[in-house]
Amino acid sequence: MSQIQKLIDKLNSKPTPNDMSFDELAKIARYYGCDTESRGNHQRAIVHEETGTVIPIPCHGKHVGVAYIRQVKELFSSIDREGD
């Protein structure tokens, strides 16, 4: 199993994981055709240009909050549905 598939499986596991780093989310975002941006003091964002979706993610520590992981997961699910 590839590294990206392992990360996607981790993202889609139940309950929503609370131990994902922004770097892990960024790898998955690139796989889905999204960009990542640094927005200044402890803030980054995942951007999907085609839909105009921007998900700001505060980075205070090693892990991303569960609420932001859920938002990113929803974005990736919508991208999957568009591709079908």
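Worth saying up front: this structure is predicted, and the values here are computed from it rather than measured.

**Some remarks on the overall build of the protein**
Within the protein one finds three helices and three strands. Counting from the amino terminus, helix and strand elements in the protein follow one another as α-α-β-β-β-α. For the protein, the C-alpha radius of gyration of 12 Å lies close to 12 Å, the compact-globule estimate for 84 residues. With the C-alpha coordinates of the protein rotated into their principal frame, the extents come out at 35 × 30 × 20 Å. For the protein, the proportion of its 84 residues judged to be buried stands at 33%. Once local pairs closer than 6 in sequence are excluded, the contacts in the protein between residues at least 24 apart make up 41%. Computed over 11 positive and 12 negative side-chain charges, the separation of the two mean positions in the protein equals 8 Å.

**Notes on helix α2 (residues 22-31)**
For α2, the complete set of buried residues consists of Phe22, Leu25, Ala26, Ile28 and Ala29. Along the long axis of α2, the arc covered by the buried residues comes to 165°, so they all point the same way. α2 presents Asp23, Arg30 and Tyr31 as exposed residues on the side facing more than 90 degrees away from its buried surface. Phi for Gly33, located one or two positions after α2, is positive at around 85°.

**So, the sheet that holds strand β2 (residues 43-48)**
Read across the sheet, three strands follow the order β1-β2-β3 without closing on themselves; strand pairing throughout is antiparallel. Where the open sheet ends on each side, the last strands, each with one partner, are β1 (35-38) and β3 (53-58). Within the sheet, the average angular offset between the axes of one strand and its neighbour, ignoring direction, is 25°. Against the sheet, α2 contacts β1, β2 and β3, and its axis sits at roughly 15° relative to β2.

Basis of the calculations
Residues numbered from 1 in each chain as written. Predicted model: local features only at pLDDT ≥ 70, side-chain atom pairs only at ≥ 80, totals over all residues. Heavy atoms only, no water. Helix = DSSP H or I, 4+ residues; strand = E, 2+ residues; numbered from the N terminus. Rg over C-alpha atoms; globule rule 2.2 N^0.38 Å. Buried < 20%, exposed > 50% of the residue type's maximum accessible area, 1.4 Å probe, protein only. Contact = heavy atoms within 4.5 Å. Lys, Arg positive; Asp, Glu negative; His and termini not counted. Charge placed at Lys NZ, Arg CZ, Asp CG, Glu CD. Arc of directions from axis to C-beta. Pairing = 2+ DSSP bridges. Axes fitted to C-alpha atoms, helices over the stretch in contact; angles between N-to-C directions.

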